[in-house]
Amino acid sequence: RPSYGSGRWLGVIRTALRLVENAWRAPRGESPLGADTTLQIEHILPRKWDTYWPVPPEPPETLAEREQSRRSHLDRLGNLTLVSPGMNQSISNREWKTKREELS
């Protein structure tokens, strides 16, 4: 369900994403992110997805339904990640190939 977009939840979401990141880093011996991090929340599927992530037009009778389904995933926790401010600017609203390369 949508979890992003309300200002009062941003701190909670940022903390949850930081904890996930730290759990991923620990087995690799990487330093954990501190609570004072300047990382920003980025949408993997961007808010302006229609430019680089269009819904296939076929079958046309379900296009509107499929577009609405995609829109409903934008603000879900699974579509959010933490990135540096510079990376956020460079990958915002970009296609998956570019985002995947930068995020990995």
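This is a predicted model, so every value here is computed, not measured.

Asker: Break down the overall build of the protein chain for me, with residues and values.
Answerer: Tallying secondary structure elements over the protein chain gives four helices and two strands in all. The order of α-helices and β-strands along the protein chain, N terminus first, is α-β-α-β-α-α. Taking the principal axes of the C-alpha coordinates as reference, the protein chain spans close to 50 × 30 × 25 Å. The buried share of the protein chain, reckoned over its 104 residues, is 25%. Sequence-distant contacts in the protein chain: of pairs separated by 6 or more residues, those separated by 24 or more amount to 62%. When the accessible area of the protein chain is evaluated, it comes to approximately 7,100 Å², of which 53% is carbon and sulfur surface. Charged side chains in the protein chain number 16 positive and 13 negative. The centres of these two groups are separated by 5 Å.

Asker: So what's going on with the layout of surface pockets? Which residues, and what values?
Answerer: If a probe as big as a water molecule is rolled over the atoms, it shows which places are left empty. Considered as a void within the structure, the largest pocket measures approximately 430 Å³ in volume. Along its surface, the largest pocket is lined by 16 residues, and Glu21, Trp24, Thr81, Leu82 and Leu103 are the ones closest to its centre. When contributions to the lining of the largest pocket are tallied by element, the ones reaching two or more residues are helix H1 (10-25), strand E2 (80-83) and helix H4 (96-103). Looking at which element gives the most residues to the lining of the largest pocket, the answer is H1, with five residues. Among the residues forming the lining of the largest pocket, the class breakdown is ten nonpolar, three polar and three charged.

Asker: So what's going on with the pattern of salt bridges? Which residues, and what values?
Answerer: The final tally for this structure, using the stated rule, is four salt bridges. Close ionic contact of Asp75 with Arg47 constitutes a salt bridge, the shortest N to O distance being 3.2 Å. Of this pair, Asp75 sits in the loop between helix H2 (63-72) and E2 while Arg47 sits in the loop between strand E1 (40-43) and H2, and the two are 28 residues apart along the sequence. For Asp75, a relative accessible area of 19% corresponds to the buried category.

Asker: Pulling in residues and values, what's your account of the side chain of Arg18?
Answerer: When you line up the elements, Arg18 lands in helix H1. By relative accessible area, which is 14% here, Arg18 ends up buried. Contact partners of Arg18, with chain neighbours within four places excluded, come to Leu33, Gly34, Ala35, Thr37 and Leu82.

Asker: Lay out the environment of Lys48 with the relevant residues and their values.
Answerer: Within the secondary structure, Lys48 sits in the loop between E1 and H2. On the accessibility criterion, Lys48 (54% relative accessible area) is exposed. Put simply, Lys48 and Trp96 are 48 residues apart on the chain and 13 Å apart in space, counted from C-alpha to C-alpha.

Asker: If you had to explain the nonpolar core to someone new, which residues and values would you point to?
Answerer: Of all hydrophobic cores here, the largest spans seven residues; its members are Ile13, Leu17, Leu33, Leu39, Ile41, Leu80 and Leu82. Elements with a contribution of two residues or more to this core: H1 and E2. Once residues within four sequence positions are removed from consideration, Ile41 is found in contact with Tyr4, Leu10, Ile13, Arg14, Leu17, Leu80, Thr81, Leu82 and Asn88.

Asker: How would you summarise H1 if you had to cite specific residues and measurements?
Answerer: In this model, H1 (16 residues) spans 22 Å end to end at C-alpha, consistent with the 22 Å of a helix rising 1.5 Å per residue. Residues Ile13, Leu17, Arg18, Asn22 and Arg25 constitute the buried set of H1. Lining the buried residues of H1 we find E1 and E2.

Definitions and cut-offs
Residues numbered from 1 in each chain as written. Predicted model: local features only at pLDDT ≥ 70, side-chain atom pairs only at ≥ 80, totals over all residues. Heavy atoms only, no water. Helix = DSSP H or I, 4+ residues; strand = E, 2+ residues; numbered from the N terminus. Buried < 20%, exposed > 50% of the residue type's maximum accessible area, 1.4 Å probe, protein only. Contact = heavy atoms within 4.5 Å. Areas by Shrake-Rupley, 256 points an atom, 1.4 Å probe, with all protein chains shown as cover. Lys, Arg positive; Asp, Glu negative; His and termini not counted. Charge placed at Lys NZ, Arg CZ, Asp CG, Glu CD. 1 Å grid on protein atoms, 1.4 Å probe; cavity = no way out; pocket = protein on both sides within 12 Å on 5 of 7 lines; lining within 4 Å. Points joined across faces, edges and corners; volume = space filled by probe spheres on them. Nonpolar A, V, L, I, M, F, W, Y, C, P; charged D, E, K, R; others polar. Salt bridge = Lys/Arg side-chain N within 4 Å of Asp/Glu carboxyl O. Core = buried A, V, L, I, M, F, W, Y, C linked by side-chain atoms within 4.5 Å. Expected span 1.5 Å × (residues − 1).

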